[in-house]
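What the coordinates show
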Amino acid sequence: MDPQFWHQRWQRKEIGFHLEHPNPRLLQHWRALRLAAGARVLVPLCGKSEDLAWLAQEGYRVLGVELSPIAVAEFFAEHGLQPQRQCRGPFESLAAGDIELLCGDFFALDREITGPVDAVYDRAALVALPPPLRERYAQLLAALLSPGTELLLVTFDYPQAQMQGPPFAVGLEQVRELYAERFSIDQLAGEDILDAEPRFRERGLTELREYVYLLRRL
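Residues numbered from 1 in each chain as written. Predicted model: local features only at pLDDT ≥ 70, side-chain atom pairs only at ≥ 80, totals over all residues. Heavy atoms only, no water.

**A look at helix H4 (residues 69–78)**
Within H4, burial applies to Ala71, Val72, Glu74, Phe75 and Phe76. Packed against the buried residues of H4 are helix H1 (3–11), helix H3 (50–57), strand E2 (61–66), strand E4 (91–96) and strand E5 (99–103). Of the residues that open H4, the one with a side-chain oxygen 3.2 Å from the backbone nitrogen of Ile70 is Ser68. Phi turns positive one or two residues past the end of H4, at Gly80, with a value near 65°. (Buried < 20%, exposed > 50% of the residue type's maximum accessible area, 1.4 Å probe, protein only. Helix = DSSP H or I, 4+ residues; strand = E, 2+ residues; numbered from the N terminus. Contact = heavy atoms within 4.5 Å. Polar contact = N/O pair within 3.5 Å; in protein donor to acceptor, adjacent residues only side chain to side chain.)

Here it is in structure tokens:
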């Protein structure tokens, strides 16, 4: 997807995907990863998510990656933080406390830039990508992670013909196609959420399910 699409969404404040509170699926399922305090968590395509602050409050070191400088700036401003800035390769790094956000193109990441990663939380990255980019995204994640590293993945599934993404429909079959060669896959939950998401019904959906997976790098 053209990066300009996301820059325009943030410029126009078209950010219906942003929650003003930590994602309920994160609160329900994060403990399945059994991470030690101080573990480093990568959050791809993080926006200004409240999940970043929650993870830091729980004692983790957070590395978010976000294309939009507007989103990055608003995250720190809304939390009353004054980040230190530096260049990290093609990224601008803004860091305060246990939270570091890399502003730039996720696909420019490599292990030298990320450093060691103990876990990944993907609530809005995979479903934000059109099909041509998903394989590239999954391959990059695999390259960044050491064996045994776990990924908490949240996806949506719905009849794709009923609505133009993002978020795009990503079902279990697609998750297996993308990850099965490099990760073990356990489905933790699956729930019909259409009644709780009227904005998607207004966009024409007749069904909408949310799934949570725990992946482990092989």
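**Looking at the environment of Leu55**
Its place among the elements puts Leu55 in helix H3. By relative accessible area, Leu55 is classed as buried at 0%. With near-sequence residues (within four places) excluded, Leu55 lies in contact with Leu26, Trp30, Val41, Val43, Tyr60, Val62 and Tyr121.

**Quick notes on the nonpolar core**
Soluble, globular proteins show a tendency: their nonpolar side chains are buried together. Counting 42 residues, the largest nonpolar core has Leu109, Tyr137 and Tyr179 as the members making the most contacts within it. At seven residues, the largest contribution of residues to this core is made by helix H6 (residues 131–144). (Core = buried A, V, L, I, M, F, W, Y, C linked by side-chain atoms within 4.5 Å.)

**Here we look at the sheet that holds E2**
In a beta sheet, neighbouring strands are held together by backbone hydrogen bonds and run either parallel or antiparallel to one another. Ordered by their spatial adjacency, nine strands build an open sheet running E3-E4-E5-E2-E1-E6-E7-E9-E8, and the pairing between neighbours is mixed. Two strands close off the open sheet at either side, each with one partner strand: strand E3 (84–88) and strand E8 (183–192). Pairs of neighbouring strands in the sheet enclose a mean axial angle of 20°, with direction left out of account. Judged from the five bridges that link them, E4 and E5 form a sheet pairing that is antiparallel. If you follow Ser93 over to E5, its bridge partner there is Leu102. The strands touched by helix H7 (residues 172–179) within the sheet are strand E7 (150–157), E8 and strand E9 (209–217), with E8 carrying the most contacts at an inclination of about 160°. (Pairing = 2+ DSSP bridges. Axes fitted to C-alpha atoms, helices over the stretch in contact; angles between N-to-C directions.)

**Remarks on the layout of surface pockets**
In this structure, the largest pocket spans a volume of roughly 820 Å³. In terms of lining, the largest pocket is formed by 44 residues, of which the most central are Trp6, Phe17, Leu45, Ala124 and Ala128. Counting only elements with at least two residues in the lining of the largest pocket, the list comes to H1, H3, E2, strand E6 (119–122), H6 and helix H8 (198–202). In terms of residue count, the dominant contributor to the lining of the largest pocket is H1 (five residues). Counted by class, the lining of the largest pocket contains 25 nonpolar, eight polar and eleven charged residues. (1 Å grid on protein atoms, 1.4 Å probe; cavity = no way out; pocket = protein on both sides within 12 Å on 5 of 7 lines; lining within 4 Å. Points joined across faces, edges and corners; volume = space filled by probe spheres on them. Nonpolar A, V, L, I, M, F, W, Y, C, P; charged D, E, K, R; others polar.)

**Things to note about H6**
Taking 1.5 Å per residue, 14 residues should reach 20 Å; H6 reaches 21 Å between its end C-alpha atoms and fits that length. For H6, the full list of buried residues reads Leu133, Arg134, Tyr137, Ala138, Leu140, Leu141, Ala142 and Leu144. (Expected span 1.5 Å × (residues − 1).)

**Points about the packing of aromatic side chains**
Under the defined criterion, the tally for this structure stands at eleven aromatic pairs. Connected via pairs of aromatic rings, a cluster forms that spans Phe5, Trp6, Trp10 and Phe17. Taking NZ or CZ as reference, Arg136 lies 4.3 Å from the ring centre of Phe107, over its face. (Phe/Tyr/Trp six-rings, centres within 6.5 Å; stacked < 30°, edge-to-face > 60°. Lys NZ or Arg CZ within 6 Å of the ring centre and 35° of its normal.)

**Here's the deal with the packing of H1 against H4**
Relative to each other, H1 and H4 sit at 40°, their axes nearing to 8 Å. Of the possible angle classes, the one that applies to H1 and H4 is oblique. In this structure, H1 uses His7, Trp10 and Gln11 to contact H4, whose residues at the interface are Pro69, Ile70, Ala71 and Glu74. Across the contact of H1 with H4, the residue classes tally to four nonpolar, two polar and one charged. (Parallel < 35°, antiparallel > 145°, perpendicular 65-115°, else oblique.)

**Structural notes on unusual backbone geometry**
Of note, the amide linkage connecting Gly165 to Pro166 takes the cis form, showing an omega dihedral of 5°. By secondary structure assignment, the location of Pro166 is in the loop between E7 and H7. With an omega dihedral of -5°, the bond running from Pro166 to Pro167 counts as a cis peptide bond. With phi around 55°, Arg34 is a residue other than glycine that occupies positive phi space. Counting through the fold element by element, Arg34 comes out in the loop between helix H2 (24–29) and strand E1 (40–43).

**Topic: the packing of H6 against H7**
Close contact between H6 and H7 brings their axes to 9 Å; oriented N to C, the two are set at 50°. Judged by the inter-axis angle, H6 sits oblique to H7. By crossing handedness, the relation of H6 to H7 is classed as right-handed. Together, Arg134, Glu135, Tyr137, Ala138 and Leu141 of H6 and Gln174, Glu177, Leu178 and Tyr179 of H7 make up the contact between the two elements. Considered class by class, the residues forming the contact of H6 with H7 number five nonpolar, one polar and three charged. (Left-handed = near helix turned anticlockwise from the far one by under 90°.)

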